[in-house]
Amino acid sequence: MRRRALLGLAAASLATAASAQPAGQPIRIVVPFAAGGPTDIPARLLAEELGKVLPQRPVVDNRTGAGVVVGTDAVAKSAKDGATLLYTTVAHSALRAMFARLPFDPLADLQPVALVGVIPMVLMANKDLPVNSLAELIALYRASPGKYDYGSAGNGSALHLAAELFLRDAGGLKVTHVPYRGSAAAMPDLLNGTTTMMLDVANNTLPYVQRGEVKGLAVSSARRIPQLPEVPTFAEAGLPGYEAYTWHMIMVPRGTPAPVIKALNGTINGVLAKPDVQQRLADLALQVRSDSTPESAEAWLQAETAKWEPIIRAAGIKPD
């Protein structure tokens, strides 16, 4: 069965002999987050498009509980035949530092296949806060250590890590973290002034910034984003070197045969290169990487892990 799966995937990636995929054995894409969330939606879009080039549409399997551990562990322990994929995010690079014990090694037990894309974040400030630039926000926080609060989607969330990176890079600012159960739950307190600042993914922040309900002070990408052309990058706003993204990646169990990984990479990149797919993902503010290789995805994961682990340890971040 594993050999037949390997042959089927290779054939699909080359757009030949698509019928070689084993009958009744669709690819399973494990998403270790809840259905309908910001990770699940792009994963389902990818599954839909892969279904157009594979004999069967991949099945999305949401595994929630204990953060991303349950779903990730399920993939790490699955058969090494390319039939079970992990659709994961920046949270994967934080697992070793966040959890004292894991049933798997996030780097040693899983192999990147393709980096799907990245989503930049936007630093938002309460509209009544007496600042109109990132430099003024930094000056306000520096003048009153510990006086102000910032919100996030929860302890150890990508938004929490990005905020701690900002506070560190801005000179060790002292601002109190207030964790919420998701960014949607955090937004009302930013709007009413209970908290003063929050970083969130661009697709979540757009309507609030565009309506003037919050102040968009900086975007976390290397270049400005087309949806908010008036908002500068962190570098332009006076904090060079700061970048932070949520990113989406496909992984398989380490030890999956190289031909399977190559086949999957080629198939995924082919789907991501389609203009209509890129547009649908761009509508979610996801910047597609349709040219990633297993090697470049591995390098990205290693770099992100090296970036976030010291932040987590220095801030003493633990999961809820």
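Residues numbered from 1 in each chain as written. Predicted model: local features only at pLDDT ≥ 70, side-chain atom pairs only at ≥ 80, totals over all residues. Heavy atoms only, no water.

**Q** Teacher, can you tell me more about the overall build of the protein chain here?
**A** Of the regular secondary structure elements, the protein chain holds 11 helices and 10 strands. The C-alpha atoms of the protein chain give 20 Å as radius of gyration, which agrees with the globular expectation for 320 residues (20 Å, within 12%). The C-alpha extent of the protein chain, read off along each of the three principal axes, is 65 × 40 × 30 Å. For the protein chain, the proportion of its 320 residues judged to be buried stands at 52%. In the protein chain, 75% of the contacts between residues at least 6 apart in sequence involve partners at least 24 apart. Element-wise, carbon and sulfur atoms account for 54% of the exposed surface of the protein chain, whose accessible area totals about 13100 Å². Here the protein chain carries 30 positive and 27 negative side-chain charges, and the mean point of each set is 5 Å from the other. (Helix = DSSP H or I, 4+ residues; strand = E, 2+ residues; numbered from the N terminus. Rg over C-alpha atoms; globule rule 2.2 N^0.38 Å. Buried < 20%, exposed > 50% of the residue type's maximum accessible area, 1.4 Å probe, protein only. Contact = heavy atoms within 4.5 Å. Areas by Shrake-Rupley, 256 points an atom, 1.4 Å probe, with all protein chains shown as cover. Lys, Arg positive; Asp, Glu negative; His and termini not counted. Charge placed at Lys NZ, Arg CZ, Asp CG, Glu CD.)

**Q** What is the right way to read the pairing of strand β4 (residues 110-126) from this model?
**A** In regular strands, side chains alternate between the two faces of the sheet. For β4, the buried fraction is high: 17 of the 17 residues fall into the buried class. With nine bridges connecting them, β4 and strand β9 (residues 245-253) associate as antiparallel partners. Its bridge partner being in β9, Q111 is matched across the sheet by V252. In this sheet, strand β7 (residues 197-201) lies alongside β4 in antiparallel orientation, the contact comprising five bridges. Paired with A125 across the strands is M197, a residue of β7. Strand direction decides the pairing type here: β4 and strand β8 (residues 214-219), joined by five bridges, are antiparallel. The residue bridging N126 from the neighbouring strand is V214, located in β8. (Pairing = 2+ DSSP bridges.)

**Q** Would you explain the packing of helix α6 (residues 158-169) against helix α11 (residues 294-315) in this entry?
**A** Between α6 and α11, the shortest axis-to-axis distance is 10 Å and the interhelical angle comes to 80°. The angle between α6 and α11 falls in the class roughly perpendicular. For the pair α6 and α11, contact is made by L161, A162, E164, L165 and R168 and by K307, W308, I311, I312 and A315, respectively. (Axes fitted to C-alpha atoms, helices over the stretch in contact; angles between N-to-C directions. Parallel < 35°, antiparallel > 145°, perpendicular 65-115°, else oblique.)

**Q** I tried to follow the confidence of the model for the protein chain on my own but got confused; where do I start?
**A** Residue-level pLDDT values for the protein chain average 90, and 91% of them are 70 or greater. Contacts of residues 10-22 to residues separated by more than four positions or lying in other chains number 24 contacts, the stretch itself having pLDDT below 50. (pLDDT = per-residue confidence, 0-100.)

**Q** It is not clear to me how the side chain of K215 should be interpreted in this structure. Could you clarify?
**A** Mapped onto the elements, K215 comes out in strand β8. No salt bridge forms around the buried K215; measuring N to O, its nearest opposite-charge neighbour E136 is 6.9 Å away. A distance of 2.6 Å separates the side chain of K215 from the backbone oxygen of V131, its partner in a polar contact. A polar side-chain atom of K215 sits 3.4 Å from a polar atom in the side chain of N132. Not counting residues within four places of it along the chain, the set of residues in contact with K215 comprises L123, M124, A125, N126, K127, L129, V131 and N132. (Salt bridge = Lys/Arg side-chain N within 4 Å of Asp/Glu carboxyl O. Polar contact = N/O pair within 3.5 Å; in protein donor to acceptor, adjacent residues only side chain to side chain.)

**Q** Got a minute to help me understand the pattern of salt bridges in this structure?
**A** Opposite charge on two side chains makes pairing possible when the charged atoms of those side chains draw close. Inspection of the entire model under this criterion finds 15 salt bridges. Note that K127 is salt-bridged to D128, the shortest N-O span being 3.6 Å. One connected set of salt bridges, linked through shared partners, spans E48, E49, K52, K274 and R280.

**Q** Please explain the nonpolar core as it appears in this structure.
**A** For soluble globular proteins, nonpolar side chains are generally found buried alongside one another. By size, the foremost hydrophobic cluster in this structure holds 102 residues, and its most contacted members are L134, L137 and F166. When residues of this core are assigned to their parent elements, the largest contribution, 12 residues, is made by β4. When sequence neighbours within four positions are dropped, the list of residues in contact with F166 reads L123, L134, L137, I138, L173, M197, F234, L239 and Y242. (Core = buried A, V, L, I, M, F, W, Y, C linked by side-chain atoms within 4.5 Å.)

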